Amino acid sequence: MTNDRDGRAVWSREAAGRIARDDDAVAPIIYPPETDRFDGFHVWDTWPVRSRDGSLAEIDGHRVVCALTTTDDLLPGKRHDVASIHYFTSTDGESWSHGGPLFSGDALGSRQWAGSTMVDDGDVYAFYTAAGERGEDDLAYTQRIAGATGGTVRVDDDGLRIDGEWDHEILLEPDGDHYEREEQSRGMTYTFRDPWFFEDPASGETYLLFEANTPVPEGADPCDGDVEAASFNGSVGIARSPTGDPTEWELEPPLLDAVCVNQELERPHLVVRDGTYYLFVSSHQHTFAPGLVGYDALYGFVADDLRGAYRPLNGHGMVATNPANAPFQTYSWTAYDHGDEVLVASFFNYYEYVGESLDGIAELPESEQRRRFGGTLAPTLRVGLDGDRTELLGTLRHGCLPLPSEELSPVDRGGRPRGTDRDGGSYRS
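Please read all numbers here as calculations on a predicted model, not as lab measurements.

A. Inspection of the overall build of the chain at higher detail. In terms of regular secondary structure, the chain is built from two helices and 24 strands. Its C-alpha atoms give the chain principal-axis dimensions of about 60 × 55 × 50 Å. Across the 429 residues that make up the chain, the buried fraction comes to 57%. A separation threshold of at least 6 residues defines the contact pool for the chain, and within that pool the share at least 24 residues apart is 62%. Per element, the accessible surface of the chain, about 17200 Å² overall, is 44% carbon and sulfur.

Structure representation (structure tokens):
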């Protein structure tokens, strides 16, 4: 399934038109955890610190997650305007302690959006989205992919700390050819963000994946005369390091185009299993082009190699979504391999809210906006992979991130209700 431009894979309107809330993809309704391990903070886009080979890093018995973070006295809808990256540590993958801001106030941009973090022999490499300009008078939405080096990990009797003299630099900006510049944008939003570090096990080469938009020049007709659909031009971008140095990158053509289908393919990342490449993205119901119906959901594609012809999982692309009566309860999913399953972390977004879009949240009293925002990690999803098909098998507790070496309870495939592992959480029948 490729188009003629650079041979890249496409998410076609035909495939996206088959999206439906099948039972195998719908998560159970969730509510706040009895104990919020992130109390005092709003946390949302979250990612585990990984080793260079992509595995979850275990550092002297600790695992670490990074998350976009603000204090929880902020109105939830304002959090993106002041976001910074904090890190949290755990020795069991369930109880999390606040480590503090990842950076010491010297990060690029007026605020930082999502990225990825890698530890290699004690050295920490951070990749993030520099949103806006440091010191700007008016909030801007310029997006550049930034990197930071110089951080180190140390573990002592007081726990795990990440510190050091960070050196920040802009790694990538859109070229206007493969990737749309802000001034070229005609869509509802503009994207050049969410860098995700990846070392290809087949070649050993080093890459950054990111979210972007494909330029659609004025007068072009990629959507058979549908001018409005042509402004929906999301893509999964990729850059390669010619030397393996995680600070040197060269833009390459996108891995996946969604022109005429979707505007935002957020937080792209890969899981590689037995030589098969699974590409995952998050997207919203409102970013699908006219004539298509999608949901706030995790979407996925599969190929036989990194540059392969990615096929939509399940024939349409949707892997996991929220139930119809809680359509915005979770978002920003991150998948990682765990034996026979894929585990998927996300954040607890708005609950006890059913609306056409999240725009209705702003019409609620501020007290209700605060009450209905989860602002913590959601229950982790257990997803089965079988070639081009996926199945939601159950859930773990809020914020539970087991290492691949930690066993999960067996999944009951006998037709009884599927519930959470480790004795907690909600069930669905």
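B. Examining the nonpolar core more closely. Judged by nonpolar contacts, the single largest core of 54 residues is most densely connected at W11, L172, L209, L270, Y299, L306 and Y310. In terms of residues, this core owes the most to one element, strand β12 (residues 206–213), which gives five residues. Judged by nonpolar contacts, the second largest core, of 53 residues, contains W47, I59, L108 and Y331.

C. A look at the state of the cysteines. Inspection of every chain in the model, using the stated rule, returns one disulfide. With its sulfur 2.0 Å from that of its partner, C223 forms a disulfide with C260. The disulfide joining C223 to C260 has a torsion of about -90° about its S-S bond and is therefore left-handed. Placement of the pair is C223 in the loop between β12 and β13 (233–241) and C260 in the loop between β14 (250–259) and β15 (266–273), with a sequence separation of 37 residues. Each member of the pair, C223 as well as C260, is classed as buried. C66 carries a free sulfur, and the closest cysteine sulfur to it, the one in C400, is 19 Å from it.

D. Representation of the pattern of salt bridges in the model. Considering all chains together, one arrives at 24 salt bridges under this definition. Between E94 and R397 there is a salt bridge whose closest N-O contact spans 2.6 Å. With a gap of 303 residues between them, E94 in the loop between β5 (84–90) and β6 (97–101) and R397 in strand β24 (residues 389–398) connect regions that are remote in the sequence. E94 gets classed as buried once you look at its relative accessible area, which sits at 16%. Among the salt bridges present, the one from R240 reaches E205, with a minimum N-O distance of 3.2 Å. Of this pair, R240 sits in strand β13 while E205 sits in the loop between β11 (193–199) and β12, placing them 35 residues apart in sequence. The partly exposed category is assigned to E205, whose relative accessible area is 30%. One salt-bridge network, held together by shared partners, links R193, E211, E264 and E266.

E. The packing of aromatic side chains, seen in detail. In total, this model carries 20 aromatic pairs according to the counting rule given. Aromatic pair Y179 and F210: ring centres 5.0 Å apart, planes at 65°, arrangement edge-to-face. In this pair, Y179 is assigned in the loop between β10 (159–172) and β11 and F210 in strand β12, connecting sequence segments 31 residues apart. No difference in accessibility class separates Y179 from F210, as the two residues are buried. Measuring from ring centre to ring centre gives 6.4 Å for F197 and W249, while their planes differ by 80°; the resulting arrangement is edge-to-face. Of this pair, F197 sits in strand β11 while W249 sits in the loop between β13 and β14, placing them 52 residues apart in sequence. Comparing F197 with W249, the two get one shared label, buried.

F. A look at the sheet that holds strand β3 (residues 50–51). Pairing is mixed across the open sheet formed by five strands, whose spatial order is β3-β7-β8-β9-β10. Of all strands in the sheet, those with a lone pairing partner are β3 and β10, marking the two edges. Two elements, strand β7 (residues 111–120) and strand β8 (residues 123–131), share eight bridges in a ladder whose sense is antiparallel. Among the inter-strand pairings, R111 is bridged to a residue of β8, identified as A131.

G. Seen up close, empty space enclosed by the protein. A complete count under the given rule lists four cavities of 30 Å³ or more for this structure. The calculated volume of the largest cavity comes to roughly 80 Å³. Residue assignment for the lining of the largest cavity shows that the elements contributing at least two residues are β19 (318–321), β20 (330–338) and β23 (379–386). Looking at the lining of the largest cavity residue by residue, the classes come out as eight nonpolar, six polar and no charged. Reported here for the second largest cavity is a volume of approximately 50 Å³. What lines the second largest cavity is G115, D194, P195, W196, R267, P268, H269 and T334. Where the lining of the second largest cavity is concerned, the elements lending two or more residues are β11 and β15. Its residues assigned to classes, the lining of the second largest cavity comprises three nonpolar, three polar and two charged.

H. Inspection of the layout of surface pockets at higher detail. Its volume calculated, the largest pocket comes out at about 1100 Å³. Along the walls of the largest pocket sit 35 residues, with R79, H80, H284, H286 and L358 positioned nearest its centre. Every element with two or more residues in the lining of the largest pocket is listed here: β2 (41–48), β7, β11, β15, β20 and β21 (341–350). Broken down by element, the lining of the largest pocket gets its largest block of residues, three residues, from β21. A per-class count over the lining of the largest pocket returns 13 nonpolar, ten polar and twelve charged.

I. Seen up close, unusual backbone geometry. Of note in the backbone geometry, D194 takes a positive phi value of approximately 65° without being a glycine. Tracing the backbone shows D194 in strand β11. Phi at S332 takes a positive value of approximately 60°, unusual for a residue other than glycine. Summarising the element assignment, S332 is placed in strand β20. A residue is classified by how much of its surface remains accessible, and S332, at 2% relative accessible area, is buried.

The rules behind each value
- Residues numbered from 1 in each chain as written.
- Predicted model: local features only at pLDDT ≥ 70, side-chain atom pairs only at ≥ 80, totals over all residues.
- Heavy atoms only, no water.
- Helix = DSSP H or I, 4+ residues; strand = E, 2+ residues; numbered from the N terminus.
- Buried < 20%, exposed > 50% of the residue type's maximum accessible area, 1.4 Å probe, protein only.
- Contact = heavy atoms within 4.5 Å.
- Areas by Shrake-Rupley, 256 points an atom, 1.4 Å probe, with all protein chains shown as cover.
- Core = buried A, V, L, I, M, F, W, Y, C linked by side-chain atoms within 4.5 Å.
- Disulfide = S-S within 2.5 Å.
- Salt bridge = Lys/Arg side-chain N within 4 Å of Asp/Glu carboxyl O.
- Phe/Tyr/Trp six-rings, centres within 6.5 Å; stacked < 30°, edge-to-face > 60°.
- Pairing = 2+ DSSP bridges.
- 1 Å grid on protein atoms, 1.4 Å probe; cavity = no way out; pocket = protein on both sides within 12 Å on 5 of 7 lines; lining within 4 Å.
- Points joined across faces, edges and corners; volume = space filled by probe spheres on them.
- Nonpolar A, V, L, I, M, F, W, Y, C, P; charged D, E, K, R; others polar.

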